[in-house]
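# Survey of secondary and tertiary structure
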Amino acid sequence: MIKTCDVLIIGGGLVGCASAYYLARAGVDVLLVEANDLNARASGANAGSIHLQIPHHEFVTLGESWANNFAPVLPMMLQSTRLWKQLGAELGRDLEFSQTGGIIVARTVEQLDLVRRKTEIENKHGIGTQMLTAAELKSMAPYISCDMIGGAYCPDEGKANPLLATSTFADAAKRHGARIMIHATVMALKTTAGGFEAKLHSGQIRAHRVINAAGADSGRIASMLGLSLQIDGFPLQVSVSEPIEPLVRHLIYSAAGKLTLKQMKNGTCLIGGGWSSRQLPDGGLAIDPDSLTSNLETAIAAVPGLQSARIVRTWPAIVNGTTDWRPLIGEVPRLPGFYVNMFPWMGFTAGPISALLTAELILGRKPSIDIERISALNG
Ligand SMILES: Cc1cc2nc3c(=O)[nH]c(=O)nc-3n(C[C@H](O)[C@H](O)[C@H](O)COP(=O)(O)OP(=O)(O)OC[C@H]3O[C@@H](n4cnc5c(N)ncnc54)[C@H](O)[C@@H]3O)c2cc1C
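Notes on the structure follow. Remember, predicted model here, so these are calculated numbers, not experimental data.

Next up on the list: the side chain of Ser145. Its place among the elements puts Ser145 in the loop between helix H7 (134-140) and strand E6 (150-154). A polar side-chain atom of Ser145 sits 3.0 Å from the main-chain amide nitrogen of Asp147. If we skip the residues at most four places from it in the chain, Ser145 touches Ala301, Ala302 and Pro304.

Take a look at the structure:
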């Protein structure tokens with residue numbers, strides 16, 4: 001059977017479903033296809049952090065030149081937090097978004113100095129991170145370990161619930177007329193006189209334009225059209241504790257080791273920070289016990305009150321990544337009508353703005369922010 005649409009979106013994660021919403025809201029004929037269930041990959045398995053600070057581990061390991069190259073992306077993420085703020089009211093559902101502020105804590109003078117240098121770059125790009133003395137840290141977050149000698153605070157950071165956002169965008173897109181097919185895998189894609197044709201088990205889809213929102217699989221989708229994009233999948237893991245009494249008021253990071261830590265509305269604490277899981281020879285994923293131990297040690301070193309909380313689940317998932325951490329957003333110059341919408345590593349934070357920008361480009365509107373300097377598609 002042959003279906004037709006103006007815009008075919010490949011991928012039903014946060015980015016694909018939000019793109020479907022922004023386009024359908026503007027009256028575009030949208031068809032989204034998802035190989036699994038909606039939100040079954042990174043968008044539904046992430047740690048729910050709304051980030052603005054440059055990741056500390058990468059600042060240390062990749063260096064200041066990497067951070068300076070990445071930093072023009074920060075205003076885009078800031079713009080996404082502004083969208084997040086209004087999404088609950090706009091889409092008609094509480095997405096448990098809250099701007100609690102994020103704090104990175106440091107245990108040594110060397111760590112604190114690195115945090116200061118990182119903060120200077122963030123400030124240059126409009127992120128209002130402020131250094132904290134030990135006394136300021138204690139007064140702002142008394143639950144942080146007394147071993148920490150200071151840190152930095154970013155007021156616009158926070159959290160949202162990854163189990164709610166994608167389906168809420170999808171429902172809103174459907175209300176505006178978007179069609180969504182699940183268990184519909186694009187197996188092949190080719191250009192035609194009128195645009196593109198996708199081959200699925202259930203038949204063909206002809207579209208004038210295509211958005212590649214396949215996350216870690218975006219490179220594979222692009223290769224169907226002979227295009228080489230440097231996008232990969234990396235196995236990570238996150239843990240969740242049992243619900244505990246209110247304890248962790250902020251999004252917590254540590255300069256002493258990889259950590260993101262936050263307490264959700266239901267009292268559970270989500271603990272992650274980019275620790276890798278294991279990829280099995282058959283392609284499946286498994287928890288890495290060493291990563292789990294190190295992640296929990298870093299969390300307890302920052303917030304000793306977590307010591308008695310039991311971990312109820314740890315899960316692995318693949319994150320979409322690029323080596324320079326820059327997003328790939330926009331129309332591919334040599335393939336008119338083929339758009340890539342891929343925000344790596346922190347795509348939960350940036351999913352809404354990434355989708356809005358792509359929709360604006362497709363609608364021929366001026367993008368809300370200048371993506372020329374941001375997207376790696378532009379060199
Ligand atoms: C463990 C973990 C923790 C993370 N923590 C955070 C965090 O705290 N904050 C943050 O900002 N970011 C975080 N991220 C990153 C974030 O989750 C992702 O960057 C973001 O969800 C990517 O969204 P997406 O819609 O592009 O991709 P995905 O959610 O991966 O969706 C892509 C979809 O495309 C579908 N697809 C692929 N191939 C095909 C095909 N051939 N046909 C049809 N459909 C196809 C897939 O099935 C998938 O559902 C984390 C990621 C992981 C894995």
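Next, the rest of the story.
Looking now at the pattern of salt bridges. Enumeration over the complete set of coordinates arrives at 13 salt bridges. The partner of Asp147 in a salt bridge is Arg107, and the shortest N-O contact between them spans 3.8 Å. Of the two residues, Asp147 sits in the loop between H7 and E6 while Arg107 sits in the loop between strand E4 (102-106) and helix H6 (109-124), which places them 40 residues apart along the sequence. Asp147 gets classed as partly exposed once you look at its relative accessible area, which sits at 46%. By relative accessible area, Arg107 is classed as partly exposed at 36%. In the salt-bridge network here, residues are joined through shared partners; they are Glu64, Asp113, Arg116 and Arg117.

Around the ligand, 39 residues are found, and the nearest of them are Glu34, Asn36, Ser43, Asn320 and Thr349. Between the ligand and Ser43, the relevant distance is 2.6 Å, taken from an oxygen atom to a side-chain nitrogen or oxygen of the residue. Asn320 places a polar side-chain atom, nitrogen or oxygen, 2.8 Å from an oxygen atom of the ligand. Out of a free accessible area of 1000 Å², the ligand has 96% covered by protein chains. Contributions of two or more residues to the shell around the ligand are made by helix H1 (14-25), helix H2 (42-45), strand E12 (232-241), strand E18 (311-321) and helix H11 (347-362).

Here we take up helix H8 (residues 165-175). Within H8, the full set of buried residues consists of Ala165, Thr166, Thr168, Phe169, Ala170, Ala172 and Ala173. On its buried face, H8 sits against H1, H2, helix H5 (74-91), strand E8 (179-181) and H11. Immediately beyond the C-terminal end of H8, within one or two residues, lies Gly177, with a positive phi of roughly 100 degrees.

Glancing now at the packing of H5 against H11. It is the contact of H5 with H11, at a shortest axis distance of 8 Å, that shows an interaxial angle of 90 degrees. When the interaxial angle is binned, H5 and H11 end up roughly perpendicular. Where H5 approaches H11, its residues Met76, Met77, Gln79, Ser80, Leu83, Trp84 and Leu87 are matched on the opposing element by Phe348, Thr349, Ala350, Gly351, Pro352, Ile353, Ser354, Leu356 and Leu357. A breakdown of the residues in the contact of H5 with H11 according to their chemical character gives eleven nonpolar, five polar and no charged.

Time to look at the environment of Cys269. The residue Cys269 is located in strand E15 (residues 269-272) in this model. Residues Cys269 and Leu247, 22 residues apart in the sequence, show an inter-C-alpha distance of 9.2 Å. Every residue in contact with Cys269, bar those within four places of it in the chain, is listed here: Ser239, Val240, Ser241, Glu242, Ile244, Val248, Leu261, Lys262, Gln263 and Leu306.

Next up on the list: unusual backbone geometry. The phi dihedral of Asn39 falls on the positive side, at around 65 degrees, and the residue is not glycine. Among the structural elements, Asn39 can be located in the loop between strand E2 (30-33) and H2. Assessed through its relative accessible area of 14%, Asn39 is described here as buried. Phi is positive for Trp325, close to 70 degrees, though the residue is something other than glycine. Note on placement: Trp325 falls in the loop between E18 and strand E19 (328-331).

As a further point, take the layout of surface pockets. Here the second largest pocket is characterised by a volume of approximately 290 Å³. Around the second largest pocket sit 16 residues that line it, and Asn161, Leu163, Val240, Leu270 and Trp315 are the ones nearest its centre. Only H2 and E18 provide two or more residues apiece to the lining of the second largest pocket. Examining the composition of the lining of the second largest pocket, we find that three residues originate from one element, E18, more than from any other. Its residues assigned to classes, the lining of the second largest pocket shows eight nonpolar, five polar and three charged.

Tracing the chain through its elements places Gln53 in the loop between strand E3 (49-50) and helix H3 (56-62). A polar contact is formed between the side chain of Gln53 and the backbone oxygen of Gly102, at a distance of 3.4 Å.

A word on H11. The largest bend along H11 measures about 30 degrees and falls at Ile353. The element H11 is largely enclosed, with a buried count of 15 among its 16 residues. One or two residues past the end of H11 sits Gly364, with phi positive at roughly 75 degrees.

Moving on, we get to the nonpolar core. Counting 62 residues, the largest nonpolar core has Ile9, Tyr22, Leu23, Phe70, Met77, Trp84 and Phe169 as its most contacted members. Breaking this core down by element, the ones donating at least two residues are strand E1 (2-10), H1, E2, helix H4 (64-70), H5, H8 and H11. Apart from residues lying up to four places away in sequence, Met77 is in contact with His51, Leu52, Phe70, Phe343, Met346, Thr349 and Ala350.

Following the criterion strictly, the structure yields zero disulfides and no others. Here Cys146 is not cross-linked by a disulfide; its sulfur's nearest cysteine counterpart is in Cys269, at 19 Å. According to the relative accessible area criterion, Cys146 is exposed, its value standing at 68%.

The rules we used
- Residues numbered from 1 in each chain as written.
- Predicted model: local features only at pLDDT ≥ 70, side-chain atom pairs only at ≥ 80, totals over all residues.
- Heavy atoms only, no water.
- Helix = DSSP H or I, 4+ residues; strand = E, 2+ residues; numbered from the N terminus.
- Polar contact = N/O pair within 3.5 Å; in protein donor to acceptor, adjacent residues only side chain to side chain.
- Contact = heavy atoms within 4.5 Å.
- Salt bridge = Lys/Arg side-chain N within 4 Å of Asp/Glu carboxyl O.
- Buried < 20%, exposed > 50% of the residue type's maximum accessible area, 1.4 Å probe, protein only.
- Near = heavy atom within 4 Å.
- Areas by Shrake-Rupley, 256 points an atom, 1.4 Å probe, with all protein chains shown as cover.
- Axes fitted to C-alpha atoms, helices over the stretch in contact; angles between N-to-C directions.
- Parallel < 35°, antiparallel > 145°, perpendicular 65-115°, else oblique.
- Nonpolar A, V, L, I, M, F, W, Y, C, P; charged D, E, K, R; others polar.
- 1 Å grid on protein atoms, 1.4 Å probe; cavity = no way out; pocket = protein on both sides within 12 Å on 5 of 7 lines; lining within 4 Å.
- Points joined across faces, edges and corners; volume = space filled by probe spheres on them.
- Bend = angle between axes of the 7 residues up to and from the residue.
- Core = buried A, V, L, I, M, F, W, Y, C linked by side-chain atoms within 4.5 Å.
- Disulfide = S-S within 2.5 Å.

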